[in-house]
Amino acid sequence: MSRPVLIAHATGDEEFAQLLAAPIAAAGYDVVHGGTVLVGESVVEVVSHALAAGAPVVLCGTIRAMGTGWAWRTVMAARGLHPQVRIYGVAVEQDVYLSPLTLDGEVTEYWRDPAGALGAVVAALLRHYPPSLEPGPGPAALPAGRREAAEQRFRDLLLRSCDIIDLANLPADRRLVTQELTLRSLFLPLNVRVESEAGPDPERFLEAIEQRRVTGGRALPAGESGDPEPPGARLRESRRLVVLGDPGSGKTTLLRWMATAYLLRLRRDPSWGLLPGVATLPDEDLLPVLVRCRDLGAAQVDGAFDDVLRHVLRRAELTADEIEAMRAGLAERLEAGTVLLLIDGLDEIGDPGARARFCQLLERIHLTRPLVPIVVTSRIVGYREMGRRIGRGFEHLTIAELDGPAKDDFLRRWCAVTEPPDRRQGAADELITDIHRTDRIERLTGNPMLLTTLALVKRSIGRLPDHRADLYAAAVKVLLSWRAEVDAPISPREAEPQLQYLAYAMSDGGVQQLTEDEVLDLLERMRIEYRQLRAIGQHDPADFVRLLEQRTGILVETGHVRRAGDLIPLIEFRHLTFQEYLTAQALVQGYFPGRDQAEDLAVHIGRLTARVDAGTDAADTWQEAIRLCVTLCHSDDVDRVLRAVLGAHPLLAARCLLDEPDAGPDVVAAILGALAAALPGDDATVAVMFALARTAWAADLVEHMVGELRSRGPGRCRRWAP
Ligand SMILES: Nc1ncnc2c1ncn2[C@@H]1O[C@H](COP(=O)(O)OP(=O)(O)OP(=O)(O)O)[C@@H](O)[C@H]1O
Ligand SMILES: [Mg+2]
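Keep in mind the model is a prediction, meaning the values are calculated, not measured. (Residues numbered from 1 in each chain as written. Chains lettered and ligands numbered in written order. Predicted model: local features only at pLDDT ≥ 70, side-chain atom pairs only at ≥ 80, totals over all residues. Heavy atoms only, no water.)

1. Examining the environment of R392
Keep this limit in mind: Segments assigned H or I by DSSP are reported as helices when at least four residues long, segments assigned E as strands when at least two residues long, and all are numbered from the N terminus. To sort residues, take the accessible area from a 1.4 Å probe on protein chains only and compare it with the maximum for the residue type: under 20% means buried, over 50% means exposed, and anything in between is partly exposed. The criterion used for residue contact is that any of the two residues' heavy atoms lie within 4.5 Å.
Tracing the chain through its elements places R392 in the loop between helix 17 (380-385) and strand 11 (395-399). Looking at R392, the relative accessible area reads 49%, which means it is partly exposed. C-alpha of R392 to C-alpha of E363: the two residues are 29 residues apart in sequence and 6.3 Å apart in space. Once you skip the residues sitting within four places of it in the chain, R392 turns out to touch R240, E363, H366 and L367.

2. Description of the domain arrangement of the protein chain
Applied cut-off: Domain extents, as shown, originate in an automatic or database domain assignment. Buried area is calculated as the accessible area (1.4 Å probe) missing from two parts once they are joined, with the contributions of both summed. The salt bridge criterion pairs a side-chain nitrogen of Lys or Arg with a carboxyl oxygen of Asp or Glu, the two atoms within 4 Å. Pairs of N or O atoms within 3.5 Å make up the polar contacts considered here, provided that, within protein, one atom can donate a hydrogen while the other can accept it, and that residues adjacent in sequence are counted only when both atoms are side-chain atoms. Only Asp, Glu, Lys and Arg are considered charged, only Ala, Val, Leu, Ile, Met, Phe, Trp, Tyr, Cys and Pro nonpolar, and every remaining residue, Gly among them, polar.
You can read the domains of the protein chain as domain 1 (4-128), domain 2 (148-399), domain 3 (404-480) and domain 4 (600-722). If you average the C-alpha positions of domain 2 and of domain 3, the two centres end up 27 Å apart. Taken residue by residue, the interface counts 24 residues in domain 2 and 17 residues in domain 3. For the pairing of domain 2 and domain 3, the buried interface totals around 1,600 Å² over both sides, and the portion due to carbon and sulfur atoms is 67%. Taken as a group, P171, L186 and L188 account for 32% of the area that domain 2 buries against domain 3, more than any other trio of residues on that side. For the interface between domain 2 and domain 3, the tally reads zero salt bridges. Linking domain 2 with domain 3 are four residue pairs in polar contact (both at pLDDT 80 or more). Among the secondary structure elements, those contributing two or more residues to the side of domain 2 that touches domain 3 are helix 8 (174-177) and helix 9 (183-186). Here the side of domain 2 that touches domain 3 is built from residues that sort into 13 nonpolar, eight polar and three charged.

3. Structural notes on empty space enclosed by the protein
What counts here: Using protein atoms alone on a 1 Å grid, points that fit a 1.4 Å probe yet trap it form a cavity, whereas open point sets bounded by protein on both sides within 12 Å along at least five of seven lines form a pocket; residues with an atom within 4 Å of a point count as lining. Grid points are joined across faces, edges and corners, and a volume is the space filled by probe spheres set on the points.
Within the structure shown, the criterion is met by five cavities of 30 Å³ or more. In this structure, the largest cavity spans a volume of roughly 80 Å³. In this structure, the largest cavity is lined by D246, P247, E401, N447, L450, L479, T552, G553, R574, H575 and F578. Its residues placed into classes, the lining of the largest cavity shows four nonpolar, four polar and three charged. In this structure, the second largest cavity occupies an estimated 50 Å³ of space. Along the walls of the second largest cavity sit E210, G245, D246, P247, R379, I380, V381, E549, G553, V556 and R574, which together make up its complete lining. A breakdown of the residues in the lining of the second largest cavity according to their chemical character gives four nonpolar, two polar and five charged.

Below is the structure:
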């Protein structure tokens, strides 16, 4: 059976229609137009029938056709039945303006080059609509109209679910939760790095990736990964990708972006071109099929590809009829390689064995449908746990951290959609200045989820970096409750004291890593020292560490050390910033190894301050932890803690004031007095003076400096000659 093609023409233009019909019929299509209608048939009925079957329309563009409205009505009727139907405009006479009717802009100029125009129309038809509707029995024999209608609904539903930025589990205020933020307005084009796969051992390969990703303020191990590139470019080149990344690094959003891009493209939506980064994607009409691994049951994971597809279509809320119709279309598309298969969150298949079997299914899909491009995403830890890699020519990539310009771009667009017009510019400028002001915030916000968290909490936090402890608290909270739909969140009452205890132990030992057995020993010890904390006993230490790594990514395994022939895993905090913040919280909450309950916080800080480096605080974990502690501790303790710091490290006490803690006037005076006494001071002292001149204590500082100079007597100051 041949596919119908409708030629829409005005009454009186039958001759032109015949001219257009000849080459189209010769290409194997069943051409329908006014002149082909048999005696006794109604034109309207025949045309309606063709339109209902999803026939593409060739518009015979004459002045008469455009003037009488018949061509318009036919095109509108076709679009009403099938919004995606293609209209091919043929300008038979000069000066007819067809573009608005075709939407896709597919207009050929018959009046200028008849043969070229007809050739182009036939070629386009062959490209978009195969002439034969014959492909055998079963669902494929369903009328094309039903299949197209089902696909259309599938696409609409998918677009609706993909084209949003999901703020679930993030600290969004009510104003934003009710406002739907579209992905197209906020998507930040992420870059990826190609990971080289030297050696057959998947464990080593993934360990190297983990090591590179935990910067911890240290130099990165020598690169075995490539320069950052757009993922679209990798898809164009490799066709099959495994994208690995941390929690919140943007894997799901990346797949949603790809799906949105191809869905907009398929419906020739002009906003397609406005989607950030879209030009890097393969220039093809692909139908995205997004499989969320978290939704799959055992029947799909251990089943056949068709089981997975059925499941996806069912979850898309298609009816049984639509599913059958859609499967037929998908079968053809899969053969032709015009489906883009997006598999999100391999790690969300709970059992590592089942995860590995699903990877085999993905390899089989590639073997049986070699033309289909496939993108799979997974957290690194979940991928590593399987003990295997997806082979068969899948290229492995990691998502690159966001760089400065990318963050700025995101924050500007964020403010454009979340702030009223009069505040947009100011709010964006403030956010951008804030994230670049300290290395610690810069490091944290390389992750899109934490950058979004910062944008969300900025209003309630106020000034950064002064109030950065509040930002870190929000970040830890987000990570603990992230992805609550997949894993039960870990209770903060269970996790926070243990994280604080570990962080303190690391800072105390001057390290950023511990071996797994050291971590487990510490957690056992905490269970003995803090028996009253019932929440921390919910999991045994090994389970707790595994859960934390899998669910939150706050702690990560970053390699191994060899001891007595065994490989012992090394564990560290994903960001040194977390280690510092949690150390400060350990001090304030009193959760650290060997705590003497009789020792007051101020005395303890005084002891610690004596161990702090004299240099800048940028490289010194303890200086940062003490500063954070001063902003976090109870206001009753602030003055005593500051005095303890002042006694051991006056410069650090002055740095503590930069964070504008709740310090009383006497202690502030003592600190500023000590600072002024250090005049003219070294570079570090002068830097703190300049920084303090921008705080609430600027006037007090000037007073102390002037007082100091005057107290040194006239001999030490040059006289001011009026
Ligand atoms: N490219 C991006 N542009 C804008 N915002 C993004 C982008 N990527 C991520 N985000 C923000 O970060 C949040 C987390 O991203 P996403 O869910 O994609 O992470 P993920 O890597 O899939 O995490 P998980 O490992 O938990 O599945 C998103 O809900 C969104 O708010
Ligand atoms: Mg995800």
